[in-house]
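Residue strings, one per chain:
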Amino acid sequence: PKNPVRTSDPGALQMLKMLEGKNIETVFDRVVAQQPQCTFGYKGVCCRICIAGPCRVKKEDGPGSRGICGASAYTIVSRNLVRLIAGGAASHSEHARHVLHTAHALVEGHAPDYEIKSTAKLHKLAQRLGISTLDREDKEILKDVVELGYADFGRYQDRPLAFLDSFMTQGRRNKFQHTNVMPKAIDGTVTELIAQTAMGVDNDPVNIIFGGIKTALADLAGEYVGTTLSDVLFGIPEPIVSEANLGVIDPKMVNIAVHGHNPVLSEMVVAAARKMKAEAQKVGAEGINVVGICCTGNELLMREGVYLATSSASQEMAIMTGALDAMVVDIQCIYPSVQTAAECFHTKIITTEGIMKTPGAQHLAFKPETAMEDAQKLVTIAIEAYKQRDPNKISIPNERHKLVAGFSIEALTDIFSKVCPERPISVLTDAILSGQIKGVALMAGCNNLKRSQDESHIAILKELVKNDVFVIATGCSAGAFAKFGLMSPLAVEAYAGEGLKSFLKMLENANPQLTTGLPLVFHVGSCVDNSRASDLAVAMADELGVDIPKVPFVASAPEAMHEKAVAIGTWCVTLGLPTHVGSLPPVEGSDLVYGITTQIAHDVFGGNFIFEVDPLIGAQKLLNALEYRTWKLNI
Ligand code: BF8
Ligand code: SF4
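Everything quoted here is computed from the prediction, not taken from an experiment.

A. Inspection of the overall build of the protein chain at higher detail. Across its full length, the protein chain carries 26 helices and 16 strands. For 635 residues, the compact-globule formula gives about 26 Å, and the C-alpha radius of gyration of the protein chain, at 24 Å, lands near that figure. Along the longest, intermediate and shortest principal axes, the C-alpha atoms of the protein chain span 70 × 60 × 50 Å. In the protein chain, which comprises 635 residues, the proportion classed as buried is 60%.

If you want it as structure tokens, here you go:
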């Protein structure tokens, strides 16, 4: 490897070392080959919205300061920015739509392999949405929930999105109405934003950004659909012990990685693998080892305790162990390069969704109607591939760490309720008001190789917990902590400040039923499960009797990369959270747009972006924001 310094993940580092001298290309080579990156694109001042372009803002003033149509820097930067949000919202809602279709097939009797796993979640969800549960069959209730979900995707009437409105504080509902950003439909809002930002339409940066904010809220609604219905179908996560990093790939087993996002597929692969152990043994393996990558890995880790092999930037490394027999992918964050990497080994890449194919990879269209049959076919492909393994090519990093995951808000509330059954969330808010802990931080988002993989996630986490912040994590940020051994009770002693330590100890003492200690950082799920973080912020606001902008709650995406992360960051700000981003989005080309996202947003919504690439300074800014909010609450 030419550039091992681009990762700090101990498993990936070991893998790169093992690859030395073998002519295998990785993302760490390609990121270097892309340097220097185009500064126009970097600052957001390259417009390719119509084919008169590309137009670039080249000068401070005169004709060169505008595009051919006359669009100025603020128009170009804001349009580009909000189109990222549209991409993110489209992605999350595509995922959610798929979960919804599966639930629909279930109620229609066409998906015999799925069930309503959590009646409790179904009833809770229905009550939130105003759907009657009294004397009704679960399937009838689910039918109404699904219909409301579908209506949320395609509504034309003027009423707020149910999967957003029902989950918010009254203060946020009013705010969204007054500022005209309450979406009425998910699909319609995404489409409207694309239309709004087409050539020759909106060129007012404030109006464009408000369109982006509305779309980010539609994104949050999609996340709510995804999380809540996944809980109904697959269960509400509960504390669970597992392990993470490349060392979970077991040379004695048939190894199948599930990679992507959607539990609708990956849950079935796990179920099929559990049934097919004997088939694997027939080819000489000890059994079948399903491991997760990226967010579908997080979904399975949370609900099934499935090992997390790795996260976004090191996804190719799982193949390079030489012991991965198949990688089953669905949608999002799957590098096109996984197929190229697989061609150097025996690994089979199998795509499963109509909108996600890869030249050279096998495609098996996965359908809810034939889910178990499809999943068994996928497992069979892996078992067959196992026979083709080349023992000389196997090199698995000796790196795996124990962890505790599974902290849905229901699970956290349950833990708090052992201290105070009447008002569980007051356990958290009282600890903040008394100064025992400093507030709550959501750590989320991707890897972005503008910095060394995982380095910023780890640096910020350490800084926050040292200063007694209660940290929850999702997505590849959670993946980073898991891979580094920081999501374990053992890490508490080493890294938590005294206040956080005593708070966790108090919770453990009140919860003797827990078979494991509490971790340093609480895994709340995949990226769609950032909706769980929204739930926690809302619950804290309600407990404190204030709106979210007053709650000592911050968010950070230290290595944001995907369009989805831009959408999430934007709704975090709109909910009223100070939101740190450690990889600069393309906004520097317009002082006005930069100012709107970092300052004006605060005046309107009470939250704001904090763009800071230095992780320690970023962490300090988050701590300052928490301290300020707690001080205000206490006066
Ligand atoms: O949805 S954190 S790199 S895997 S986008 Fe992707 Fe980013 Fe990872 Fe999950 Ni989220
Ligand atoms: Fe150029 Fe305007 Fe077309 Fe953008 S929309 S590419 S600025 S002419």
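B. Spatial organisation of the pairing of strand E15 (residues 578–581). Along E15, one buried face is formed by Pro 578 and His 580 and the opposite face, lined by Thr 579 and Val 581, is buried too. In this region the chain leaves strand E14 (residues 553–557), passes through helix H24 (residues 563–575) and returns to the parallel neighbour E15; the handedness of that crossover is right-handed.

C. Expanded view of the site of ligand 1. The environment of ligand 1 is made up of 15 residues, and the closest members are Cys 295, Cys 333, Cys 446, Gly 475 and Cys 527. Tallied by class, the residues present in the shell around ligand 1 amount to eight nonpolar, six polar and one charged. Summarising the domain contributions, the shell around ligand 1 has at least three residues from each of domain 3 (240–393) and domain 4 (406–634).

D. Representation of helix H8 (residues 170–178). When H8 is considered as a whole, its buried residues turn out to be Arg 172, Lys 175 and Phe 176. Within H8, the buried residues cover an arc of 95° as seen down the axis, which keeps them to one side. Opposite the packed face of H8, turned more than 90 degrees from it, sit the exposed residues Gln 170, Gln 177 and His 178. Looking at the buried positions of H8, the neighbouring elements they touch are helix H10 (205–234), H24 and helix H25 (591–605). Taken from the residues just after H8, Asn 180 is the one with a positive phi, measuring 60°.

E. A look at the environment of Val 248. Tracing the backbone shows Val 248 in the loop between strand E3 (240–244) and strand E4 (254–259). In this structure, the C-alpha to C-alpha distance between Val 248 and Lys 43, residues 205 residues apart in sequence, is 40 Å. Val 248 has contacts with Glu 243, Val 291, Tyr 307, Ala 309 and Arg 400, leaving out every residue within four places of it along the chain.

F. Here's a closer look at the sheet that holds E14. Taken in spatial order, the six strands make up an open sheet running E13-E12-E11-E14-E15-E16, and their pairing is parallel. Strand pairing shows two members of the sheet lacking a second neighbour, strand E13 (522–525) and strand E16 (608–611), which therefore form its edges. Here the strands of the sheet are splayed against their neighbours by 25° on average, with no regard to which way each runs. Direction of pairing for E14 relative to E15: parallel, over a ladder of three bridges. Within E15, the position partnered with Ser 556 by the bridge is His 580. Relative to the sheet, helix H20 (residues 475–483) contacts strand E11 (440–443), strand E12 (470–474) and E13, its axis offset from that of E12 by approximately 110°.

G. Main features of the packing of helix H19 (residues 455–466) against H20. Contact geometry of H19 with H20 gives a least axis separation of 9 Å together with a crossing angle of 75°. The angle between H19 and H20 falls in the class roughly perpendicular. Across the interface between the two elements, His 457, Ile 458 and Leu 461 of H19 pack against Ser 477, Ala 480 and Phe 481 of H20. Considered class by class, the residues forming the contact of H19 with H20 number four nonpolar, two polar and no charged.

H. Up close: the site of ligand 2. Neighbouring ligand 2 are 13 residues; Cys 47, Cys 50, Gly 53, Cys 55 and Gly 67 lie closest to it. Classifying every residue of the shell around ligand 2 gives 10 nonpolar, two polar and one charged.

Cut-off values and rules
Sequence order as written defines the numbering, with residues in each chain counted from 1. All chains are assigned letters beginning at A, and all ligands numbers beginning at 1, according to the order in which they are written. Reporting of local features is limited, given that this is a predicted model, to residues whose pLDDT is at least 70; pairs of side-chain atoms are given and counted only at 80 or more, and all residues count toward the totals for whole chains, interfaces and linings. Strands here mean DSSP runs of E at least two residues long; helices mean DSSP runs of H or I at least four residues long; both are numbered from the N terminus. As a reference, a globule follows 2.2 Å times the number of residues to the power 0.38, and the radius of gyration itself is taken over C-alpha atoms. Whether a residue is buried, exposed or partly exposed follows from its count of other C-beta atoms within 10 Å of its own C-beta, namely 20 or more, 12 or fewer, or something in between, respectively; the C-beta atoms are built from the backbone. With strands facing away from the observer, any crossover in which the path from the first strand over the helix to the second runs clockwise is taken as right-handed. To decide whether a residue is near a molecule or strand, its C-beta atom is placed from the backbone and checked for lying within 6 Å of it. Any residue outside Ala, Val, Leu, Ile, Met, Phe, Trp, Tyr, Cys, Pro, Asp, Glu, Lys and Arg is labelled polar, Gly included; the first ten of those are nonpolar and the last four are charged. Domain segmentation is taken from an automatic or database assignment of domains. Our arc is simply the arc of the directions from the helix axis toward the C-beta atoms. Here, residue contact means that the backbone-derived C-beta atoms of the two residues sit within 7 Å. Think of it this way: DSSP has to see at least two bridges between two strands before they count as a pair. Interaxial angles span 0 to 180 degrees and are taken between N-to-C directions of axes, which are lines fitted to C-alpha atoms, for helices over the stretch in contact. Each angle receives one of four descriptions, namely roughly parallel if under 35 degrees, roughly antiparallel if over 145, roughly perpendicular if within 65 to 115, and oblique otherwise.

Everything listed here is a matter of coordinates, which is why it stays silent on function.
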